[in-house]
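Next come the chains, spelled out residue by residue.
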Amino acid sequence: MTKTLVIAEKPSVAQDIVRALTPVAGKFDKHEDHFENERYVVTSAVGHLVEIQAPEQFEVKRGKWSFAHLPVIPPYFDLKPVDKTKGRLNAVVKQARRRDVGALINACDAGREGELIFRLIEQYAGGDKPLGKPVERLWLQSMTPQAIRDGFAALRPEQQMQGLASAARSRSEADWLVGINGTRAMTAFNSRDGGFFLTTVGRVQTPTLSLVVEREEKIRQFVSRDYWEVHALFGAAAGPYPGKWFNPQWKKSDDAEARAERLWSVAEAQAIAQAVRDQPASVSEESKPSTQAAPPLFDLTSLQREANGKFGFSAKTTLALAQSLYERHKALTYPRTDSRALPEDYLPVARQTFEMLAGSAMRHLAPHALTALNNGYVRMSRRIFDSSKVSDHFAIIPTLQAPGGLNDAEQRLYDLVVRRFIAVFFPNAEYTVTTRISTVSVAPSGGAAAVHRFKTEGKVLVKTGWLAVYGKEAADEVEGGKEGDKGQNLVPVQPGERVLTLQADPRGFKTKPPARYSEATLLGAMESAGKQLDDDELREAMQAKGLGTPATRAAIIEGLLTEKYMLREGREIIPTAKAFQLMLLLRGLQVEELCRADLTGEWEFKLAQMEKGQLSRAAFMADIAAMTERMVTKAREYDRDTIPGDYATLQAPCPNCAGVVKENYRRYACAGKDGASPCGFSFGKSPAGRTFETAEAETLLRERKIGPLEGFRSKAGWPFSSEIVIRYDEQTHNYKLEFDFGDDRKNAEESGALVEFKDAALGPCPLCGAGVHEHGNNYLCSKCVPTAAQPAPSCSFKSGRVILQQPVEREQMQKLLATGKTDLLDKFVSMRTRRAFKAHLVWDPAAGKVNFEFAPSKFPPRQPVAAAAKTSAHVGHAGHAGRAGSALKADRAVAAKKAPVKRVAAKVKTAAAKPPRKAA
C-alpha cells in the first residue's frame, strides 16, 4: 500500500496536522524527522531549505566582478541547499524518494512563499528529472483540528496552484537577477579606479535606504523659521483655565509649516497679547461623547514597532525574542505574520487562552483575563475574527501554554502581546471631549472692534474600558495633556458667564525639521510604502505588501547597517556617506527605479496577474531581463568623470598648497588657492571600499591621520581595519593617502621611539612571562617593542584586538593569559566562505601562537574514516592557527597584495572540511 507524504513548512505545523489526523487516520508513530502511520508520512521544512543559484558556468566569483562578465542572465537556475538546514533537507528528500510514497501533499503556508518552499524541495528531490509523483495542496488559514481536517477534505489540485507557483518562482528569480547584476554593476563602476568597492543594491533594500536618505536630505536642507503663539489664562468663577489664540479663517496652503495658531511676526503676536490682556471674554463650548477602541492584535511589524518604541528593541531583537517564545517556550503563536486578525473558528481557542491566563501565576495579567471571562467580553467580533484578513498566518497571540523561565526581555515582549490580546476583547474607552472658545472683543478708539478667539480643548475619561488592562500608564496618556491641548481637565463655566483675561503672553518657537527615522518609524514606512504611489493599480498591488514582508524587514534593516549604509545613534537611524553616494550614483546613471517603491508595486501588480493566469511567466521574466540589461548598460557606458550632485567644500586646507579642497563623486581634490591652479593633490573618497564621512575627511586633512577605521575591503573582498595617513611623497612632490596598519613593533624599531606602558598588564606573556599590554591594534608582550627597560625587543608574542572581524575584549585576553583559553566567541567570519563561526581562542605551546579551538561537532564522524577525520581536524586547527596567531598581519597582506590570499584561503579550506553526513 502506497502512502502520502505531507510536507509542512514548520515542525509545529506538522505536529498540529498529526494531532488533527489521528482521530480519522489512526495513530502516528514518531520518528526522528517525521511521523508515520499506515496512510500518511508527515514531515516538515524549517522555512527555506533550498535556494536558487546560477549554474556554475555562469557564476562569476567576486574577484572577477567587472563589466566584461555582466549581465549574468542564466537560461535556467540550479538549486543549492541552505547551509544551516542541510540535515533537515536530506531528511525530507529521503521521505519524498521512498518507493512506498506515491503522492505528495504541499502543506506549507498558504501563500506565495509557502508555495515556493515546497516547489523547490520537490524539484531538488527529483534531481536531474522530475520526481514524478502527483501533488495536491493543503490550504490552511486556521490551525484548529477541525479546520485542518476540513482542509484535507478539500485538497486543491496541482493545476489550480500553477499560477501561484509561477509567481513565486518569478519573484525569486527576478530578485536574484536585479540584486546580483545591480550589485556587480555598481561595484564594477565604483571600483574603476582600483580596489574593491562593494556596492550592494536590491529591489527592497535600496528603496528602503532611499527613504532614509530622502528624510536626511530634507533635514539637511531644512531652514528653521521663527513663529509665535499667544497663550492666555482666563479667570472664571470656578477657577482659571488656559487658552491659545487661533485664526478661525485659516485654511491649509502650500506652506506645510503654517498652522491656525501660528503667527509669523513678533509684533503681531505682541499686539494681540497687549490688546486682550485684562479684557473680558465671552465663552462658548461644545461637549460631545467619544469612544476609542483598543488597537488591533499584533502582526510582526506592529510588534516590532511597539517594542522599539517602548523598550528600544531593534527589529532583529524583537523577532529573535518572538521566535524564542514561539519555538522554545511554546508561549506565542507563529510570529512571522502580516495578519492582525484571527480565523472565524478561533473563538473557542481564544476562550481557552483566557482561561489559561486567568488561572496563571501572572498577577499583573490574570485579573484582567478573569474580568473578561466573568463579564462575557470574549465573544465573536468581526474586528477580531475575520478569515478574509488572514493570509499565510493569523495574528500573534499567546498560546494555551503558560511560559516559565523567561528572561527579562522575553517577559516584557510576552506581556506586550498578552496585554494587547486581552485588551482587544474589552469594551471601548469612553470620553467626553470639550472644545471651549473664549472670544475677546477689543474696540480701539475711533476704529472697528477687533475680535480675538482662543481655543481650549479638554478630554475627560468617563469609562476606562480597555485602558484598564494598561493601568495608570494609559490613563496618564489620556489625562496628562499640556496647557491648552486635549487631555486636560477643564473648570466648568456657567452659560452666559463672562470671564476675564488674566494673562496673555506671546511665546516664541522655531519650526523643526522632520524627525529622523527610528527603527519603529522606518518599519512603518516600509509597511506603508505603497500608499505614497500615484498610480492606483500599483498602490493597490502594494497595499498588502509594502517593502519586504514582516519576516524580512528586520533582515533588510540589519543588512543596510552591516553594509555601513546606515548607522544607529541611540534610537535614530542615520544614513552614511556611502548611502548618499549610492543615491547619487543611481540618479546620475538614470536607474532611479532601483530607488523607488514603485518597482515593487509594478512587480506585485504583474505577479498578481500571473497568479490569476492573466500574464505568462515568460513575459514577466523577459521584462526583468530587459531591465537588468538596461541597468548594466547605463553603468558600463557612463563616460563622464563625475556624477552630478551637491558636494561639500572642506574647511581644512590642502596640505600641499593650502588651497581649497572640494568633493566630487570619486575624490576630494585641491581646487587651488586664491585663483591659482590646482596643485594636483587629491585622495579617493572610498579607499578600499570604505567611504569617508565629510567630518572624517576634515579630520584626515587637518591631522594628517585618522583611525584605525573598520570596513575596508581588499581587492578580493576581504574586510580589514587600518589607520589612514597622508604622507609626503618625494617622487611626486605631493602628498598622498596611505594605509598604516599599525605594526607597532616595526614602527618602534624604525623610529627608535621607546614605548611606555602606563596601564597594568593584562597577564603574563605565555612565551617569556613578561606583562602583556594593549597597544595599538594588538595585545603584545612588553618585550615585543623597545622600552626603557629593554631597548632591544626580545619576544614575539602578539595577538590582534580584532581577529576575523571578531573583537577580542580585554576580559577575554585576560582569561586566555590566565587559563589558556577564552570563552566561546561567536562573531568570527571565515575569509573563504564569509560565514560566521564560533570558536575559542587558545594558546598553543607547540605552535607558539594563538589558535582556534572549535566546539565539538554534533555530527560524529563515520567509523571507516575516523582516522582521516582526526587528521583533518588537526590540520584544521593548524590552518586556522596561522590566521588567528597573527590575524592583523594577514589582513595587511590581503589588503596590500592579492597573492597571499590564495595561501590563506587554502589553509581555511583545509580547516573547514565538511562534517560527514549523519548515518541514515
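Note that the structure is a prediction, hence the values are computed from the model and not measured. (Residues numbered from 1 in each chain as written. Predicted model: local features only at pLDDT ≥ 70, side-chain atom pairs only at ≥ 80, totals over all residues. Heavy atoms only, no water.)

Undergrad: Whenever I open this one, the overall build of the chain confuses me. Can you help?
TA: Secondary structure assignment for the chain yields 26 helices and 32 strands. Residues classed as buried in the chain amount to 49% of the 920 residues present. Summarising the internal contacts of the chain: among those between residues at least 6 apart in sequence, 69% fall at separations of at least 24. Within the structure as shown, the chain displays about 44300 Å² of accessible surface, and the carbon and sulfur contribution to it stands at 50%. (Helix = DSSP H or I, 4+ residues; strand = E, 2+ residues; numbered from the N terminus. Buried < 20%, exposed > 50% of the residue type's maximum accessible area, 1.4 Å probe, protein only. Contact = heavy atoms within 4.5 Å. Areas by Shrake-Rupley, 256 points an atom, 1.4 Å probe, with all protein chains shown as cover.)

Undergrad: What exactly am I supposed to notice about the sheet that holds strand β9 (residues 156-157) here?
TA: Strand pairing in a sheet relies on backbone hydrogen bonds, with the paired strands running either antiparallel or parallel. Spatial strand order, β2-β3-β4-β1-β7-β8-β9: seven strands in an open sheet with mixed pairing. Two strands lie at the open edges of the sheet, namely β2 (29-30) and β9, each paired on one side alone. Relative to strand β4 (residues 40-44), strand β1 (residues 3-8) is paired through five bridges, and the arrangement is parallel. Paired with Ile7 across the two strands is Thr43, which belongs to β4. Packing of helix α2 (residues 86-96) onto the sheet brings it into contact with β1, β4 and β7 (101-107), and relative to β4 it is tilted by some 160 degrees. Packed on one face of the sheet, helix α3 (residues 112-126) meets β1, β7 and β8 (135-137) and runs near 155 degrees to β7. (Pairing = 2+ DSSP bridges. Axes fitted to C-alpha atoms, helices over the stretch in contact; angles between N-to-C directions.)

Undergrad: I tried to follow the pairing of strand β12 (residues 280-292) on my own but got confused; where do I start?
TA: Alignment of β12 against strand β15 (residues 498-510), held across three bridges, turns out to be antiparallel. In the sheet register, Ser282 faces β15, and the bridge partner there is Arg498. As paired elements, β12 and strand β13 (residues 429-442) share 11 bridges and run antiparallel to each other. When the bridges of β13 are listed, Pro289 appears paired with Thr432.

Undergrad: Where do I start with the pattern of salt bridges in this structure?
TA: If charged atoms from side chains of opposite charge come close, those side chains can pair. One pass over the full model with this rule turns up 44 salt bridges. Measuring nitrogen to oxygen at the nearest pair gives 2.8 Å for the salt bridge that ties Glu344 to Arg382. In this pair, Glu344 is assigned in the loop between α9 (315-327) and α10 (347-358) and Arg382 in the loop between α11 (366-374) and α12 (408-423), connecting sequence segments 38 residues apart. For Glu344, a relative accessible area of 35% gives the class partly exposed. When the shortest N-O distance is used, the salt bridge between Arg382 and Asp386 registers 3.4 Å. Using a relative accessible area of 53% as the deciding quantity, one classes Arg382 as exposed. Shared partners join several salt bridges into a network, and the residues in it are Lys3, Glu36, Arg98 and Asp100. (Salt bridge = Lys/Arg side-chain N within 4 Å of Asp/Glu carboxyl O.)

Undergrad: Help me understand the side chain of Glu410, please; the structure alone is not making it clear to me.
TA: Mapped onto the elements, Glu410 comes out in helix α12. Although buried, Glu410 forms no salt bridge, and the nearest oppositely charged side chain, Arg328, lies 4.2 Å from it. Excluding residues that lie within four positions of it along the chain, Glu410 makes contacts with Leu321, Ser324, Leu325, Arg328, His329 and Gly405. (Lys, Arg positive; Asp, Glu negative; His and termini not counted.)

Undergrad: How should I be thinking about the pairing of strand β11 (residues 239-246) in this particular structure?
TA: The side chains of a regular strand alternate, residue by residue, between the two faces of the sheet. Extensive coverage of β11 is indicated by the burial of seven of its eight residues. Pairing of strand β10 (residues 226-236) with β11 involves six bridges; the strand directions are antiparallel. Opposite Gly235, over in β11, you have Pro240 as the bridge partner. Connecting the antiparallel pair β10 and β11 is a turn made up of two residues. Of the pairings in the sheet, the one linking β11 to strand β14 (residues 450-463) comprises three bridges and is antiparallel in character. Across the sheet, Lys244 pairs through a bridge with Lys455, a residue of β14.

Undergrad: Explain the nonpolar core to me, please; I cannot follow it from the model alone.
TA: The tendency in soluble globular proteins is for nonpolar side chains to be buried side by side. Membership of the largest hydrophobic core comes to 86 residues, with the highest contact counts inside it found for Met186, Leu209, Met566 and Leu589. Here this core takes 10 residues from helix α5 (residues 162-190), the largest share from any one element. Aside from chain neighbours lying at most four places away, what touches Leu209 is Leu560, Tyr565, Met566, Ala579, Leu582 and Met583. Leu416, Ala423, Tyr431 and Val469 belong to the second largest nonpolar core, which has 55 residues in total. (Core = buried A, V, L, I, M, F, W, Y, C linked by side-chain atoms within 4.5 Å.)

Undergrad: Would you mind going over the environment of Asp759 with me for this structure?
TA: Considering the arrangement of structural elements, one finds Asp759 in the loop between α22 (744-751) and β24 (763-764). Placed 14 residues apart in sequence, Asp759 and His773 show a C-alpha to C-alpha distance of 7.5 Å.

Undergrad: Would you take a moment to explain the packing of aromatic side chains for this structure?
TA: The geometry of an aromatic ring pair comes down to the distance between the two centres and the angle between the two planes. Inspection of the entire model under this criterion finds 29 aromatic pairs. Taken together, a centroid distance of 5.2 Å and an interplanar angle of 80 degrees make the contact between Phe77 and Trp176 edge-to-face. Taken together, the residues span a long stretch of sequence, with Phe77 in the loop between β5 (50-53) and β6 (78-81) and Trp176 in helix α5 at a distance of 99 residues. As far as the burial class goes, Phe77 and Trp176 line up, both buried. Pairing Phe354 with Phe421 gives two aromatic rings, centres 5.1 Å apart and planes at 35 degrees, and the pair type is tilted. Here the residue Phe354 occupies a position in helix α10, and Phe421 occupies one in helix α12, the gap between them amounting to 67 residues. With relative accessibility at 0%, the residue Phe354 sits in the buried group. (Phe/Tyr/Trp six-rings, centres within 6.5 Å; stacked < 30°, edge-to-face > 60°.)

Undergrad: Looking at this structure, I do not really get the packing of α2 against α3. What am I missing?
TA: When two helices pack together, their arrangement is given by the angle between the helix axes and by the axis-to-axis distance. Running from N to C, α2 and α3 cross one another at 70 degrees; their axes reach a closest spacing of 10 Å. Classed by the angle they form, the pair α2 and α3 counts as roughly perpendicular. The two elements α2 and α3 meet at a crossing, and its hand is right-handed. Of the residues in α3, those in contact with Leu89, Val92, Val93 and Ala96 of α2 are Ile121, Tyr124 and Ala125. For the contact of α2 with α3, the class distribution of residues is seven nonpolar, no polar and no charged. (Parallel < 35°, antiparallel > 145°, perpendicular 65-115°, else oblique. Left-handed = near helix turned anticlockwise from the far one by under 90°. Nonpolar A, V, L, I, M, F, W, Y, C, P; charged D, E, K, R; others polar.)

Undergrad: Looking at this model, I keep getting lost on the confidence of the model for the chain. Mind explaining?
TA: Do not read the predicted coordinates in detail wherever pLDDT is low. Per-residue confidence for the chain gives a mean pLDDT of 83; residues scoring 70 or more make up 86%. Across residues 479-484, where pLDDT falls below 50, the model places 16 contacts with residues more than four positions away in sequence or in other chains. Contacts for the low-pLDDT stretch residues 861-920, under 50 throughout, to residues beyond four places or in other chains number 78 contacts. (pLDDT = per-residue confidence, 0-100.)

Undergrad: When you look at the environment of Pro550 in this model, what are you seeing that I'm missing?
TA: Within the secondary structure layout, Pro550 lies in helix α17 (residues 550-562). By relative accessible area, which is 6% here, Pro550 ends up buried. Residues Pro550 and Met526 lie 24 residues apart in sequence; the distance between their C-alpha atoms is 9.7 Å. Those residues in contact with Pro550 that lie beyond four places of it in its chain are Leu300, Thr301, Gln304, Thr337 and Asp338.

Undergrad: Please clarify how the side chain of Lys606 should be interpreted in this entry.
TA: Locating Lys606 in the fold gives a position in helix α19 (residues 598-611). On the accessibility criterion, Lys606 (19% relative accessible area) is buried. Reaching out from Lys606, the side chain makes a polar contact with the side chain of Asp623 at a distance of 3.3 Å. Here Lys606 is in contact with Leu615, Phe620 and Asp623, once residues within four sequence places are set aside. (Polar contact = N/O pair within 3.5 Å; in protein donor to acceptor, adjacent residues only side chain to side chain.)

Undergrad: Just to check I follow, could you spell out the sheet that holds strand β23 (residues 734-740) for this structure?
TA: Reading across the sheet, the three strands line up as β21-β22-β23 and stay open at both edges, with antiparallel pairing between neighbours. Of all the strands in the sheet, the pair left with one neighbour each is β21 (705-713) and β23. For this sheet, the mean inter-axis angle between neighbouring strands, taken without regard to orientation, is 35 degrees. Of the pairings in the sheet, the one linking β21 to strand β22 (residues 719-729) comprises five bridges and is antiparallel in character. Directly across from Arg713, in β22, lies its bridge partner Pro719. Most of the contacts of helix α21 (residues 694-703) go to β21, to which it runs at about 135 degrees, and overall it touches β21, β22 and β23.

Undergrad: I would appreciate a short explanation of α17 in the present structure.
TA: Given 3.6 residues per helical turn, the α-helix brings residues three or four places apart onto the same face. The terminal C-alpha atoms of α17, which comprises 13 residues, lie 19 Å apart, in line with the 18 Å expected from a rise of 1.5 Å per residue. Taken together, the buried positions of α17 are Pro550, Arg553, Ala554, Ile556, Ile557, Glu558, Leu560 and Leu561. On the buried face of α17, the contacting elements are α6 (205-221), α8 (300-311), α9, α15 (519-527), β16 (566-569) and β17 (572-575). After α17 finishes, the residue Lys564 shows a positive phi value of roughly 60 degrees. (Expected span 1.5 Å × (residues − 1).)

Undergrad: Would you mind showing me how to read the packing of α19 against helix α20 (residues 617-637) here?
TA: The N-to-C vectors of α19 and α20 enclose an angle of 160 degrees; their axes lie 10 Å apart at closest approach. With respect to α20, the axis of α19 lies roughly antiparallel. Relative to α20, α19 is oriented so that their crossing is left-handed. Contact with α19, carried on its side by Leu599, Trp603, Lys606, Leu607 and Met610, involves Arg617, Phe620, Asp623, Ile624 and Met627 of α20 and no other residues of that element.

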